[in-house]
Amino acid sequence: MKIKNLIIFGTRPEAIKMAPLVKEFLKDTQKFETKVCITAQHREMLDQVLEFFEITPDFDMDLMKPNQNLYSLTADIITGLKPILEEFKPDYVYVHGDTTTTMASSIAAFYSGAKVCHVEAGLRTFNKRSPFPEEVNRSVAGSICDFHFAPTKVSEKNLLNENIDKKSILITGNTVIDALHFSSDKVNSSDYSDSETEKLREIVDFNKRIILVTGHRRENHGDGFINICSALKDLANKNDDVQIIYPVHLNPNVQKPVYELLNNIDNIKLIDPLSYPAFVWLMSQSYLIITDSGGVQEEAPSLGKPVLVMRDTTERPEAVDAGTVILVGTQKDKIITEAQKLIDDSTIYNVMSELHNPYGDGNACEKIVQFIKEV
Ligand code: UD1
Ligand code: UDP
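Rules and cut-offs
- Residues numbered from 1 in each chain as written.
- Chains lettered and ligands numbered in written order.
- Predicted model: local features only at pLDDT ≥ 70, side-chain atom pairs only at ≥ 80, totals over all residues.
- Heavy atoms only, no water.
- Helix = DSSP H or I, 4+ residues; strand = E, 2+ residues; numbered from the N terminus.
- Buried < 20%, exposed > 50% of the residue type's maximum accessible area, 1.4 Å probe, protein only.
- Contact = heavy atoms within 4.5 Å.
- 1 Å grid on protein atoms, 1.4 Å probe; cavity = no way out; pocket = protein on both sides within 12 Å on 5 of 7 lines; lining within 4 Å.
- Points joined across faces, edges and corners; volume = space filled by probe spheres on them.
- Nonpolar A, V, L, I, M, F, W, Y, C, P; charged D, E, K, R; others polar.
- Near = heavy atom within 4 Å.
- Areas by Shrake-Rupley, 256 points an atom, 1.4 Å probe, with all protein chains shown as cover.
- Pairing = 2+ DSSP bridges.
- Axes fitted to C-alpha atoms, helices over the stretch in contact; angles between N-to-C directions.
- Phe/Tyr/Trp six-rings, centres within 6.5 Å; stacked < 30°, edge-to-face > 60°.
- Lys NZ or Arg CZ within 6 Å of the ring centre and 35° of its normal.

Colleague: Can you break down the overall build of the protein residue by residue, with the values?
Modeller: Across its full length, the protein holds 16 helices and 13 strands. Taking the principal axes of the C-alpha coordinates as reference, the protein spans close to 65 × 45 × 40 Å. Out of the 375 residues belonging to the protein, those deemed buried represent 57%. Intrachain contacts of the protein at a sequence separation of at least 6 include 70% that bridge at least 24 residues.

Put into structure tokens, the structure is as follows:
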């Protein structure tokens with residue numbers, strides 16, 4: 001009898017970090033029957049990832065609604081998964097990280113009787129309002145899951161402190177590094193061409209230093225985004241030799257302030273969210289990254305790019321400890337001061353941009369598959 005796996009995800013970052021796991025399980029069709037279910041909590045931003053990794057979901061719940069809310073999204077995921085779980089009857093369900101998809105899918109999978117596996121387990125800020133609602137989402141998933149794939153020793157320790165059995169935890173590194181390797185192999189292969197990266201080359205001003213910006217966190221909606229935009233505007237005005245490129249997240253609570261406050265500034269380019277390979281290329285071309293993203297905090301140290309994180313807390317202390325990431329919150333002055341230091345002072349810049357990769361060597365998925373074979 002084959003082991004039946006159901007891999008569930010719903011948003012862009014989950015898709016990027018689960019895609020290599022899907023590929024790894026699909027390598028062994030003797031042992032595993034592996035299916036992919038997307039909640040489609042995201043739509044366009046998820047489809048971009050599926051296309052690049054060439055994954056066709058077996059189940060597409062197609063749930064995204066414009067400006068959706070947490071209550072109905074959570075309910076729709078749990079009720080929508082019931083018939084899928086009852087039809088496929090998976091032995092193992094895999095969820096990733098800390099989104100609403102993660103939390104709600106882990107509950108539904110638990111109800112179905114499947115063993116539930118948490119990829120990117122054990123990240124904590126110990127502040128349930130930051131990031132909101134992710135800290136609670138991942139804690140709920142952690143308390144439900146049977147197996148915990150922790151990216152680092154720090155995340156393993158967080159789980160042990162919650163009395164989770166050590167035997168159910170495996171330190172794997174972060175699957176985001178597996179995704180980065182997959183992406184660079186694909187992009188560097190001779191038959192690959194990417195029209196989006198080509199178009200991006202026309203936007204990038206190679207005579208300037210690129211500051212790449214992304215942001216979307218719910219706790220930054222409202223005043224946080226107004227402060228962030230105001231800081232970016234000042235930085236652009238003060239620094240002619242800098243070009244800010246900002247692929248704007250499709251959440252309307254982000255689109256509205258960003259387009260209202262930063263449109264029509266010469267050295268700020270607001271663009272649509274980029275496909276994964278184009279974004280990785282843009283990171284590699286950047287001088288500095290300013291973001292509130294979780295995934296970007298993990299990728300940038302691998303590419304030797306300093307990151308200013310527009311948050312007050314981080315569940316990823318490894319890069320902060322290594323000195324490649326600084327938390328700057330969403331106070332305008334703090335963002336400007338820290339960015340300006342990196343623009344002006346090459347000594348500080350060089351220390352921060354040293355290559356550092358605390359998130360593994362890109363074989364997290366292999367380790368997960370091996371673990372499931374031996375369980
Ligand atoms: C979600 C996750 C967050 C994750 C982020 C990654 C929750 C509560 N939030 O936040 O943890 O870090 O994704 O990006 O799980 N939209 C589109 N097209 C898309 C995607 C989003 O139009 O492809 C718009 C829709 O109007 C949607 C809204 O953005 O209703 C919000 O999407 P949602 O997934 O609820 O929140 P995010 O801010 O994307
Ligand atoms: N990313 C992308 N296109 C973009 C911006 C980001 O493909 O225009 C990728 C990025 O490389 C990272 C992930 O999306 O892997 C981060 O997603 P996001 O910031 O939306 O979510 P978070 O990581 O904060 O949960």
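Colleague: Can you break down the layout of surface pockets residue by residue, with the values?
Modeller: Empty space among the atoms can be located by rolling a probe the size of a water molecule over them. Computed from the structure, the second largest pocket encloses a volume of approximately 290 Å³. What lines the second largest pocket is a set of 16 residues, and nearest its centre among them are Ser184, Val187, Asn188, Pro277 and Trp281. Looking at the lining of the second largest pocket, the elements that each hand over two or more residues are helix H7 (175-188), helix H8 (195-203) and helix H11 (276-285). The element that contributes the greatest number of residues to the lining of the second largest pocket is H7, accounting for six residues. Considering only residue class, the lining of the second largest pocket consists of six nonpolar, seven polar and three charged.

Colleague: Explain empty space enclosed by the protein residue by residue, including any values.
Modeller: Following the criterion strictly, the structure yields one cavity of 30 Å³ or more and no others. Of the residues that constitute the lining of the largest cavity, the class distribution is three nonpolar, three polar and four charged.

Colleague: I'd like a description of the site of ligand 1, backed by residues and values.
Modeller: Looking at ligand 1, there are 24 residues lining it, with His42, Glu44, Lys65, Thr100 and Glu134 nearest. Surface burial for ligand 1 is 95%, taken as the share of its 740 Å² of free accessible area covered by protein chains. Residues that form the shell around ligand 1 fall into these classes: eight nonpolar, ten polar and six charged.

Colleague: Could you give an account of the sheet that holds strand E10 (residues 268-271), with specific residues and numbers?
Modeller: The parallel open sheet is built from six strands, whose spatial order is E10-E9-E8-E11-E12-E13. Of all strands in the sheet, those bounded by a partner on one side alone are E10 and strand E13 (325-327). Across the sheet, the axes of successive neighbouring strands diverge by a mean angle of 20°, strand direction being ignored. In the sheet, strand E11 (residues 288-291) pairs with strand E12 (residues 307-309) via three bridges, with the strands oriented parallel. The partner of Ile289 across the bridge, within E12, is Val307. Of the strands in this sheet, strand E8 (209-214), strand E9 (242-247) and E11 are in contact with H11, which crosses E8 at around 135°. Across the sheet, helix H12 (residues 294-303) lies against E8, E11, E12 and E13, angled at about 165° from E11, the strand it touches most.

Colleague: Which residues make up the packing of aromatic side chains, and what values go with them?
Modeller: Across all of its chains, the model carries 15 aromatic pairs by this definition. Between the aromatic rings of Phe110 and Tyr111, the centroid separation amounts to 6.1 Å while the plane-to-plane angle is 45°, which identifies the pairing as tilted. For the pair Phe110 and Tyr111, one class covers both residues: exposed. Linked through ring pairs, Phe25, Phe32, Tyr92, Tyr94, Phe147, Phe149 and Phe371 together constitute an aromatic cluster. Cation over ring: Lys186 sits above Phe52, and NZ or CZ is 4.8 Å from the ring centre. Its guanidinium or amino end placed over the ring of Tyr287, Arg209 lies 4.8 Å from that ring's centre, counting from NZ or CZ.

Colleague: Which residues make up unusual backbone geometry, and what are the values?
Modeller: In this chain, Ser130 is followed by Pro131 through a cis amide linkage whose omega measures 0°. Cis geometry marks the peptide bond from Phe132 to Pro133; its omega dihedral reads 0°. Relative to the helices and strands, Pro133 resides in the loop between strand E5 (115-119) and helix H5 (134-144). Backbone geometry at Glu54 places phi at a positive 55°, although glycine is not the residue there. Along the chain, Glu54 falls in the loop between helix H2 (44-53) and strand E3 (59-60). For Phe126, which is not glycine, the phi dihedral falls at a positive 65°. Tracing the backbone through its elements, the reader meets Phe126 in the loop between E5 and H5.

Interpretation in functional terms is not warranted from these geometric data alone.
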